[in-house]
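Here are the chains, one letter per residue:
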Amino acid sequence: MSGKCECEAKRVVVLPCSGGSNVGQLSNAAAVKMTQAGVASMFCLAGIGGHVSGMIASCKGADAIIAIDGCSVACAKKTLEHAEIPIAKYIVVTELGVEKNKNFDLNESDIAKIIDASSMRA
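Residues numbered from 1 in each chain as written. Predicted model: local features only at pLDDT ≥ 70, side-chain atom pairs only at ≥ 80, totals over all residues. Heavy atoms only, no water.

Draft legend 1. Up close: the sheet that holds strand β1 (residues 12-16). Read across the sheet, four strands follow the order β2-β1-β3-β4 without closing on themselves; strand pairing throughout is parallel. Both outer strands of the open sheet, β2 (41-42) and β4 (89-92), are each paired with one neighbouring strand and no more. Sheet topology note: the β1/strand β3 (residues 64-69) ladder contains five bridges and is parallel. From the neighbouring strand, V14 faces β3, where its bridge partner is I66. On top of the sheet, helix α1 (residues 22-36) reaches β1, β2 and β3; it is set at about 160° to β1, its chief contact. (Pairing = 2+ DSSP bridges. Helix = DSSP H or I, 4+ residues; strand = E, 2+ residues; numbered from the N terminus. Contact = heavy atoms within 4.5 Å. Axes fitted to C-alpha atoms, helices over the stretch in contact; angles between N-to-C directions.)

Structure representation (C-alpha cells):
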C-alpha cells in the first residue's frame, strides 16, 4: 500500500504547443480553459525547452502530463521527450479534423473538441 488515498485528485499538467498558426493557438486556448476549469494546470513549454531545471523538475513531479500539439511537427512532444518528461496523454489538433491555417478567429467548438480529447478519464 502506498499510503496515499487513491481517491485524491491527481495533479495533471497540460503543455500546449502555442505555435504560430490557428491549431497552435487552439491548443493554447484549450489549455487555458482546462486550467480555468480546474481539470489541469497549464505549464510553460518554453521553460522546458529552455532547460529551466525547476520547471523540468516540477513537470516530472506531476501525476500526469498532457501534451497538445497543433500539428504533426510535434514541437510539444519533442520538447518533452528531449527533457525526458513522460507524456500520459497526447493530442494533435489536426488529427481531430481541424485544418491548419493562419486564421486566428478561434472556434469555440474546436477548443471544446480538444478539451474532450484531452480527458484523462478512462
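Moving on from the coordinates now.
Draft legend 2. View of the environment of A29. Structurally, A29 is set in helix α1. Sequence separation between A29 and I115 is 86 residues, and the spatial gap between their C-alpha atoms is 9.5 Å. If near-sequence neighbours (up to four positions away) are discounted, A29 is found in contact with L106 and I111.

Draft legend 3. View of the state of the cysteines. A complete count under the given rule lists zero disulfides for this structure. The closest cysteine sulfur to the non-disulfide-bonded C17 is located on C71, 6.5 Å from its own sulfur. Free of any disulfide, C44 has its nearest cysteine sulfur in C59, 9.2 Å distant. Look at C44 and you get partly exposed, because its relative accessible area is 34%. (Disulfide = S-S within 2.5 Å. Buried < 20%, exposed > 50% of the residue type's maximum accessible area, 1.4 Å probe, protein only.)

Draft legend 4. Up close: unusual backbone geometry. The phi dihedral of S18 is positive, around 55°, even though this residue is not glycine. Take S18: it is sitting in the loop between β1 and α1. For S18, a relative accessible area of 31% corresponds to the partly exposed category.

Draft legend 5. Spotlight on α1. Between its first and last C-alpha, α1 extends 21 Å over 15 residues, near the 21 Å set by a 1.5 Å rise per residue. Residues of α1 that are buried: N22, V23, G24, L26, S27, A29, A30, A31 and M34. The elements touched by buried residues of α1 are β1, β2, β3 and α5 (108-117). Positive phi appears at G38, one or two residues downstream of α1, with a value of about 80°. (Expected span 1.5 Å × (residues − 1).)

Draft legend 6. Representation of the pairing of β4 in the model. As judged from the four bridges shared by β3 and β4, these two strands associate in the parallel manner. Paired with A67 across the bridge in β4 is Y90. Between the parallel pair β3 and β4, the chain is carried across by helix α4 (residues 75-82), and the sense of this crossover is right-handed. (Right-handed = clockwise from strand over helix to strand, strands pointing away.)

Draft legend 7. Inspection of the side chain of S118 at higher detail. Of note, S118 is situated in the segment after α5. Among residues more than four places away in sequence, those in contact with S118 are M34, I66, I68, K89 and I91.

Draft legend 8. Fine view of the nonpolar core. In this structure, V14, M34, I66, I68, V93 and I114 are the most contacted members of the largest nonpolar core, which totals 18 residues. Residue assignment for this core shows that the elements contributing at least two residues are β1, α1, β3 and α5. If you tally residues by element for this core, the top one is α1, at six residues. Formed by 13 residues, the second largest nonpolar core is a distinct cluster that contains V13, I65, A76 and I85. (Core = buried A, V, L, I, M, F, W, Y, C linked by side-chain atoms within 4.5 Å.)

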